[in-house]
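Descriptive structure summary
Residue-level listing of the chains:
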Amino acid sequence: MDIKSSSPKDIKQGTLFLWLWRGYLRRHMWVLAIIVVFMMIEGSMVGGLAWMMQPLFDGVFVGGSKSQLWMVGGIVLGLFLIRGVLSVVHRVLMTKIAKQSVADLQNDLLRHLLQLDLSFFSRYAPGYLMERVNGDVQAVAGIWALLVRGAARDLIGLVSLFAVMLSIDWLWTVAALVGAPLLLFPSLVAQRYTRKQAVKAREVAANMATRLNEAFHGVGTIKLNGLERYYTDRYRVLTKRQIEVEVKTLFGTAVIPSLVDVMSGIGFACVIIYGGYEIISGAKTVGQFMAFFSALGLAFEPLRRLAGISGLINAASVSIQRMRDIFNHQPTLLGPDNPKPVQPFGDIEFKNVSLEFGETPVLRDVSFRAPAGKTTAIVGASGAGKTTIFNALTRLYAHSSGAITISGLANTEIDPSALRTCISVVSQDSLLFDETLGENITLDARDTDPSKLDEVVAAAHVGDFLPSLAQGMDTEVGPRGSNLSGGQRQRVAIARALLRDTPLLLLDEATSALDTQSEVLVQNALEKLSENRTTLVIAHRLSTIVSADHIIVMDRGRVIEQGTHTELIAAGGHYSDLCRLQFDRSENQ
């Protein structure tokens, strides 16, 4: 099921909330049971308060009994004390459960998303997914407490109040409810309308998150191209749309409580007229009327809250369905049922490998061998399929035909996680996290030997710029490493790869975006990193791979030439032309 194609009719609300209960609330069942009991007691206090109106009016105000005055006053005080204490207890417990459940749901969503295939993330923008993890979860969070409160306190309160009303006169109760049938059809229409608008509201929120994510990640491009006003105007259109759909959603949720007002007004009028005649005729006492009227008045607010919850449930069910849709997406690049252990890294071989993105072929019958412990370079124009070879080898994408073997063992027979623990990657845009420099090198290997860390810092030439940082290894590198230069970020990534000390190294344009001085330092660090490792290199600058043991030339997803630098130059083919163009351009510069 596509996340964006969710319609209001996809899944029933009961099914959605049952999924939510089973997954996140049932684990707190016993605490929730205590909360419900407390709320039931609190709700019943309202009925007791209405019931005390009859002895107050008949026994005290009309009968003049002082003993009943103290009794009624004491009981009313006790009812409010019990109500106050229980309200504090259940609110604290309910808040804790709601917060814990929200955190669990967010963590589960993030963990599930990170397990999905890379192709999933090529279809959905980061901002859209961020809205699923944050916006949708928060939209659901508020409804949990309301549901428990509505199902317990307000519902029990209504039951106790209607019990008081029925005990006094069932005909008065029927008169009070004479307007209820008028609610049915408008309520159904309002609920459907609310759900439809809630779908639009969540879509707008996702688009807004996507635009913000783009703006903050591309702020440099926006400034250089003078797009500040253009991007602000695009965002302003979304904010206007957000106001429009949220006001419509609020209208839908507010209509049902307003219908309750109309029903209550009709009921009050009927009770006053019918009950007034009975009091005038002496059939009922003033105390009975006041007890009934108090119960009817006190029932008004919990009835409005329960009616309002129905609108909120419609809005929340949209978010629940979107989260469930994400959980329904499952990774397709799963490990085999009986994975084979990773062998000591030998030769890597591609045998007639083909891979498509949708219906677009990216690799076509690719065959080559990368000898163990040697450096194999992959060259070719942009879009030739060089990076896709890395993605297919590491099982980020699944090849459709052929075989990719490591030491004779197909990579499909190895658990993807186990395979990736044997691989280090340094790319042209190595991602640094918004953590300290040291944490970006060690990542989850927090118990790293300090001497080993010093060794890789020196080997990667990170130590060359470390003295210029006021806090050294504790320096915050900023979002995506923005506090470091491009060359510094690359050296941090190399130090990270050195610390991992894996047998296979993948270098993807690792020096393409660097100035000459930084390139020399990074290239020296890469040479140390490549020692005694099976290394695959993607490079546009052919001068960096002249000494490679084996060079593979690609064009439009195919391998068109293979050999050493000397062999390929002598062949006078595509590689020779590329070298001549690059080296002639360098000489002219």
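Coordinates for the structure precede this section.
None of the values given here were measured: they were computed from a predicted structure.

A few points about empty space enclosed by the protein
- Within this structure, the stated rule accounts for two cavities of 30 Å³ or more.
- In this structure, the largest cavity spans a volume of roughly 90 Å³.
- Around the largest cavity sit F162, M165, A176, L177, M263, S264, F268, L296, A299, F300 and L303, which together line it.
- Of all the elements, helix α11 (residues 286–328) adds the most residues to the lining of the largest cavity, at four residues.
- Taken together, the residues that form the lining of the largest cavity break down as ten nonpolar, one polar and no charged.

Side note on the packing of helix α15 (residues 450–459) against helix α16 (residues 486–500)
- Interhelical geometry of α15 versus α16 gives an angle of 135° and a closest axis separation of 9 Å. The orientation of α15 relative to α16 falls into the category oblique. The two elements α15 and α16 cross, and the hand of that crossing is right-handed. Note on element contacts: α16 touches α15 through A495, L498 and L499, opposite K452, V456 and A459.
- Here the residues of the contact of α15 with α16 are counted per class, giving five nonpolar, no polar and one charged.

Description of unusual backbone geometry
- At D501, a position not held by glycine, the phi torsion is positive, near 55°.
- Within the element layout of this structure, D501 appears in the loop between α16 and β7 (504–508).

Things to note about the packing of aromatic side chains
- Inspection of the entire model under this criterion finds seven aromatic pairs.
- Between the aromatic rings of Y124 and Y128, the centroid separation amounts to 6.1 Å while the plane-to-plane angle is 25°, which identifies the pairing as stacked.
- Between W172 and F292 the ring centres are 5.3 Å apart and the planes differ by 80°, which places this aromatic pair in the edge-to-face class. Here the residue W172 occupies a position in helix α7 (residues 170–176), and F292 occupies one in helix α11, the gap between them amounting to 120 residues.
- Taken together, the aromatic side chains of F120, F121, Y124 and Y128 make up a single cluster linked through ring pairs.
- Lying over the aromatic face of W172, K284 brings its terminal NZ or CZ to 5.7 Å of the ring centre.

Some thoughts on the sheet that holds strand β2 (residues 360–370)
- Spatially, four strands are ordered β2-β1-β4-β5 in an open sheet, and the strand pairing comes out antiparallel. The open sheet has two edge strands, β2 and β5 (409–410), and neither has a second partner.
- In this structure, strand β1 (residues 348–357) lies alongside β2, joined through seven bridges in antiparallel fashion. By the bridge assignment for β2, E349 is matched with R369.
- The strands that helix α12 (residues 386–393) touches are β1, β2 and β4 (401–406); relative to β1, the one it contacts most, it runs at about 105°.

Thoughts on a negative patch on the surface
- A contiguous patch of negative charge, built from D434, E435, D474 and E476, is present on the exposed surface.
- The residue E476 is located in the loop between α15 and α16 in this model.

A few points about the pattern of salt bridges
- The tally for this structure, following the rule as stated, stands at twelve salt bridges.
- We note a salt bridge from D233 to R236, for which the minimum N-O separation is 2.6 Å. Pair noted here: D233 and R236 are both in helix α10 (residues 228–281), with a separation of three residues, about one helical turn.
- Relative accessible area serves as the criterion here: at 31%, D233 is assigned to the partly exposed category.
- Between R580 and D577 there is a salt bridge, and its shortest N-O distance comes to 2.8 Å. You can see R580 and its partner D577 sitting in helix α19 (residues 574–588), three residues apart, about one turn around the helix.
- On the accessibility criterion, D577 (33% relative accessible area) is partly exposed.
- Salt bridges sharing partners connect three or more residues here, namely D169, E278 and K284.

What about the sheet that holds strand β10 (residues 558–563)?
- Spatial strand order, β6-β7-β8-β3-β9-β10: six strands in an open sheet with mixed pairing. With partners counted over all chains shown, the strands left at the sheet margins are β6 (423–427) and β10, one partner each. On average, each strand axis in the sheet is inclined to that of its neighbour by 15°, with strand direction left out of account.
- In this sheet, strand β9 (residues 550–555) lies alongside strand β3 (residues 375–380) in parallel orientation, the contact comprising five bridges. Considered in β9, the bridge of A377 is made with I551.

Some details on the nonpolar core
- Counting residues in hydrophobic clusters, the biggest one holds 39 residues, and the most contacted among them are L437, I494, L529, I545, I551 and Y575.
- Secondary structure elements with two or more residues in this core: β3, α14 (437–442), α15, α16, β7, α17 (516–530), β9 and α19.
- For this core, the element with the most residues is α16, which contributes seven residues.
- In this structure L437 touches V462, F465, L466, L469, G472, M473, T475, V477, L484 and V492, once residues within four positions along its chain are discounted.
- If you look at the next biggest cluster of nonpolar residues, it comprises 30 residues, including L393, L409, I423 and I538.

Describing the pairing of β10
- Strand direction decides the pairing type here: β9 and β10, joined by five bridges, are antiparallel. Bridge pairing in β10 places I551 opposite G563.
- Counting the residues that bridge the hairpin from β9 to β10 gives two residues, and of these R556 lies at a positive phi of roughly 55°.

Remarks on the side chain of T249
- Assignment of secondary structure puts T249 in helix α10.
- Of the polar contacts made by the side chain of T249, one reaches the backbone oxygen of V245; its length is 2.8 Å.
- Residues in contact with T249, not counting those within four places in the same chain, are T194, Q197, A198 and A201.

Description of the packing of helix α2 (residues 29–51) against helix α4 (residues 66–115)
- Between α2 and α4, the shortest axis-to-axis distance is 9 Å and the interhelical angle comes to 150°. Considered as vectors, α2 and α4 are oriented roughly antiparallel to each other. Considering how the two elements wind past one another, α2 and α4 form a crossing that is left-handed. Contacts from V31, L32, I35, F38, M39, I41, E42, M45, V46, G48 and L49 in α2 reach V76, L79, F80, I82, R83, L86, S87, V89, H90, L93, M94 and I97 in α4.
- Residue composition of the contact of α2 with α4, grouped by class: 18 nonpolar, three polar and two charged.

Focus on α2
- With 23 residues, α2 should cover 33 Å at 1.5 Å per step; its first-to-last C-alpha distance of 33 Å lies within 8% of that length.
- When α2 is considered as a whole, its buried residues turn out to be L32, I35, M39, E42, G43, M45, V46, G47, L49 and A50.

Considering the environment of Q242
- Relative to the helices and strands, Q242 resides in helix α10.
- Look at Q242 and you get partly exposed, because its relative accessible area is 22%.
- It is 8.8 Å that separates the C-alpha atoms of Q242 and M208, two residues lying 34 residues apart in sequence.
- Discounting chain neighbours no more than four positions away, the residues touching Q242 are V204 and M208.

About the cut-offs
- Residues numbered from 1 in each chain as written.
- Predicted model: local features only at pLDDT ≥ 70, side-chain atom pairs only at ≥ 80, totals over all residues.
- Heavy atoms only, no water.
- 1 Å grid on protein atoms, 1.4 Å probe; cavity = no way out; pocket = protein on both sides within 12 Å on 5 of 7 lines; lining within 4 Å.
- Points joined across faces, edges and corners; volume = space filled by probe spheres on them.
- Helix = DSSP H or I, 4+ residues; strand = E, 2+ residues; numbered from the N terminus.
- Nonpolar A, V, L, I, M, F, W, Y, C, P; charged D, E, K, R; others polar.
- Axes fitted to C-alpha atoms, helices over the stretch in contact; angles between N-to-C directions.
- Parallel < 35°, antiparallel > 145°, perpendicular 65-115°, else oblique.
- Left-handed = near helix turned anticlockwise from the far one by under 90°.
- Contact = heavy atoms within 4.5 Å.
- Phe/Tyr/Trp six-rings, centres within 6.5 Å; stacked < 30°, edge-to-face > 60°.
- Lys NZ or Arg CZ within 6 Å of the ring centre and 35° of its normal.
- Pairing = 2+ DSSP bridges.
- Patch = residues over 30% accessible without salt bridge, like charges linked within 9 Å, V, L, I, M, F, W, Y side chains within 5 Å.
- Areas by Shrake-Rupley, 256 points an atom, 1.4 Å probe, with all protein chains shown as cover.
- Salt bridge = Lys/Arg side-chain N within 4 Å of Asp/Glu carboxyl O.
- Lys, Arg positive; Asp, Glu negative; His and termini not counted.
- Charge placed at Lys NZ, Arg CZ, Asp CG, Glu CD.
- Buried < 20%, exposed > 50% of the residue type's maximum accessible area, 1.4 Å probe, protein only.
- Core = buried A, V, L, I, M, F, W, Y, C linked by side-chain atoms within 4.5 Å.
- Polar contact = N/O pair within 3.5 Å; in protein donor to acceptor, adjacent residues only side chain to side chain.
- Expected span 1.5 Å × (residues − 1).

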